[in-house]
Amino acid sequence: MTDRLGSGEFEIIARYFRPLSKGEPGALDLADDAAVLEWAAGEGVVATTDVLIAGVHFFPDDPADLVARKLLRVNLSDLAAMGARPRAYLLSCALPADVSDEWLTAFRDGLAEDQLAYGVVLVGGDTVATPGPVTLCATALGEVPPNAALRRDRARRGDAVFVSGTIGDGALGLKVLRGEAPKLEEESRAALVARYHLPSPRVRLGQELRGVAHAAIDVSDGLVGDLAHICEVSGVAAVVDWVRVPLSPAARRFVAAAPEAREAVVTGGDDYELLFTAAPESREEVAKRAARAGVAVTEIGVLTEGDGVLVRDANGNPIALERGGYSHFGGRAP
């Protein structure tokens with residue numbers, strides 16, 4: 001491909017992406033058609049992929065380094081939900097002709113920063129030209145011991161429902177960026193936007209939950225919608241108490257000023273926290289493992305007979321929700 005940089009595909013790979021493959025001999029300096037990876041014998045390989053499109057999943061003027069880090073992190077969050085240890089990733093970029101050196105340099109630097117933070121390395125991918133918006137795809141690879149991967153279909157009636165961190169910051173951050181927020185002090189606005197731009201995949205927690213969590217998923221499409229996925233494939237229903245859903249101080253201030261925003265909190269997505277179920281008698285063990293991972297975990301509900309997810313208020317009354325979660329077809333866009 002050619003672009004305003006006057007570069008072809010291989011020059012772009014060599015200039016911006018080959019340095020990100022250092023440390024993994026099997027990446028072959030990104031000079032071959034594929035990587036040759038030799039990892040621990042007997043370990044299972046967990047693979048996941050996500051696509052981010054400018055104007056759909058991020059704003060076209062978002063800083064390139066944050067776009068890169070979010071792209072990598074949403075994939076690492078999927079690995080975390082399976083209890084996997086991240087090892088490597090592949091990257092494919094469809095770039096318009098006017099992509100700048102400054103954008104690509106910042107994009108590469110963002111990837112480099114999070115590679116170091118999460119112990120992953122680039123091992124391959126593709127770079128093509130497009131007349132449309134910037135389109136980015138990452139495929140993350142991880143390892144998990146035999147029969148230890150966390151799954152969605154192992155939840156049991158009577159399980160307690162837990163979630164890590166806080167919920168709703170990403171969705172409320174998007175509202176701030178869209179100009180749909182109530183009057184908030186700048187500190188709260190900045191905190192919510194930061195969570196939208198840069199989630200924190202719970203990689204260590206996912207590994208700690210192996211052997212104690214019955215089912216798990218990461219909250220990408222909204223707490224209610226993602227819990228519904230667990231319920232559907234496990235053949236159970238869930239009851240969630242709104243007052244127990246953990247909110248950040250900024251989210252609490254937002255909801256206090258705009259009570260209708262509580263629906264966005266539980267259905268909006270972009271949290272990338274871990275949502276999981278475990279036996280009630282495992283509460284202490286869950287707390288111990290969460291402490292080892294350095295992540296707060298909150299019990300928010302219970303699994304019951306039936307199907308679907310019910311969110312109830314402080315008086316035990318059902319909260320009517322217009323939707324169950326974000327849909328990639330007909331859902332939101334920046």
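Residues numbered from 1 in each chain as written. Predicted model: local features only at pLDDT ≥ 70, side-chain atom pairs only at ≥ 80, totals over all residues. Heavy atoms only, no water.

Asker: Please set out the sheet that holds strand S1 (residues 44–53) residue by residue, giving values where relevant.
Answerer: Hydrogen bonding along the main chain pairs the strands of a sheet, whether they run parallel or antiparallel. Across the sheet, which stays open at both edges, the 4 strands sit in the order S1-S4-S2-S3 with mixed pairing between neighbours. Two strands bound the open sheet, and with one partner strand each, they are S1 and strand S3 (121–129). Strand-to-strand twist across the sheet, computed as the mean angle between neighbouring axes with direction ignored, equals 15°. The pairing of S1 with strand S4 (residues 135–144) spans 10 bridges and is antiparallel. (Pairing = 2+ DSSP bridges. Helix = DSSP H or I, 4+ residues; strand = E, 2+ residues; numbered from the N terminus. Axes fitted to C-alpha atoms, helices over the stretch in contact; angles between N-to-C directions.)

Asker: For the packing of helix H2 (residues 64–81) against helix H3 (residues 101–118), give the residues involved together with the corresponding values.
Answerer: Where H2 meets H3, the axes come as close as 7 Å, and the angle between the chain directions of the two elements is 40°. Regarding the angle of H2 to H3, the classification is oblique. In this structure, H2 crosses over H3, and the sense of that crossing is right-handed. Contacts from Ala-64, Asp-65, Ala-68, Arg-69, Leu-71, Leu-72, Arg-73 and Leu-76 in H2 reach Trp-103, Ala-106, Phe-107, Gly-110, Leu-111, Glu-113, Asp-114, Gln-115 and Tyr-118 in H3. (Parallel < 35°, antiparallel > 145°, perpendicular 65-115°, else oblique. Left-handed = near helix turned anticlockwise from the far one by under 90°. Contact = heavy atoms within 4.5 Å.)

Asker: Before we move on, could you go through the environment of Ser-92 and cite the residues and values that matter?
Answerer: On the secondary structure map, Ser-92 appears in strand S2 (residues 85–95). For the pair Ser-92 and Ala-40, spaced 52 residues apart in sequence, the C-alpha separation works out to 26 Å. If sequence neighbours within four positions are ignored, Ser-92 has contacts with Gly-125, Asp-126, Thr-135, Leu-136 and Cys-137.

Asker: Go over helix H8 (residues 249–257), please, and point to the residues and values.
Answerer: Within an α-helix, residues lying three or four positions from one another point in the same direction, as the helix has 3.6 residues per turn. Turning to H8, its buried residues number three or more, namely Ala-250, Ala-251, Phe-254 and Val-255. Viewed along the axis of H8, the buried residues span an arc of 130°, placing them on a single side of the element. Residues of H8 that are exposed and point over 90 degrees away from its buried face: Pro-249 and Ala-256. Each element contacted by the buried residues of H8 is listed here: helix H4 (169–178), helix H5 (186–197) and helix H9 (262–267). (Buried < 20%, exposed > 50% of the residue type's maximum accessible area, 1.4 Å probe, protein only. Arc of directions from axis to C-beta.)

Asker: Run through the nonpolar core, naming residues and quoting values.
Answerer: One finds Phe-17, Leu-91, Trp-103, Phe-107, Leu-111 and Leu-136 to be the most contacted residues of the largest nonpolar core, which totals 59 residues. Top element by residues in this core is H2. It accounts for 9 residues. Beyond its immediate chain neighbours, meaning those up to four positions away, Leu-91 contacts Phe-17, Leu-71, Phe-107, Leu-111, Leu-122, Gly-124, Gly-125, Asp-126 and Cys-137. By size, the runner-up hydrophobic cluster in this structure holds 37 residues, among which are Ile-217, Leu-227, Trp-242 and Val-266. (Core = buried A, V, L, I, M, F, W, Y, C linked by side-chain atoms within 4.5 Å.)

Asker: With reference to specific residues and values, describe the packing of aromatic side chains.
Answerer: Scanning all chains against the criterion turns up 3 aromatic pairs. Pairing Phe-17 with Phe-107 gives two aromatic rings, centres 6.4 Å apart and planes at 80°, and the pair type is edge-to-face. A residue pair is termed long-range when its members are at least 10 positions apart, and Phe-17 in helix H1 (residues 9–17) and Phe-107 in helix H3 qualify at 90 residues. In terms of burial, Phe-17 and Phe-107 fall into one category: buried. Ring geometry for Trp-103 and Phe-107: centres 5.1 Å apart, planes at 10°, overall stacked. (Phe/Tyr/Trp six-rings, centres within 6.5 Å; stacked < 30°, edge-to-face > 60°.)

Asker: Outline the pattern of salt bridges, listing residues and values.
Answerer: Taken as a whole and assessed by the stated rule, the structure comprises 25 salt bridges. Of the charged contacts in the structure, one is a salt bridge between Arg-292 and Glu-208, with a shortest N-O distance of 2.8 Å. In this pair, Arg-292 sits in helix H10 (residues 283–293) while Glu-208 sits in helix H6 (residues 203–208), placing the two residues 84 residues apart along the sequence. One salt-bridge network, in which partners are shared between bridges, spans Asp-241, Arg-244, Arg-283, Glu-299 and Arg-312. (Salt bridge = Lys/Arg side-chain N within 4 Å of Asp/Glu carboxyl O.)

Asker: I'd like to hear about the sheet that holds strand S6 (residues 215–218), residue by residue, with values.
Answerer: On the basis of which strands lie adjacent, the open sheet formed by 6 strands has the order S6-S8-S5-S9-S7-S10 and mixed pairing. With partners counted over all chains shown, the strands left at the sheet margins are S6 and strand S10 (308–312), one partner each. Shown here is a sheet whose adjacent strand axes are inclined to one another by a mean of 25°, direction ignored. Where strand S7 (residues 237–241) meets strand S9 (residues 297–304), 4 bridges bridge the pair, whose relative direction is antiparallel. Looking at the pairing, Ala-238 lines up with Leu-303 of S9. Most of the contacts of H2 go to S6, to which it runs at about 175°, and overall it touches S6 and strand S8 (274–278). Along the sheet, H10 makes contact with strand S5 (160–164), S8 and S9, crossing S9 at roughly 145°.

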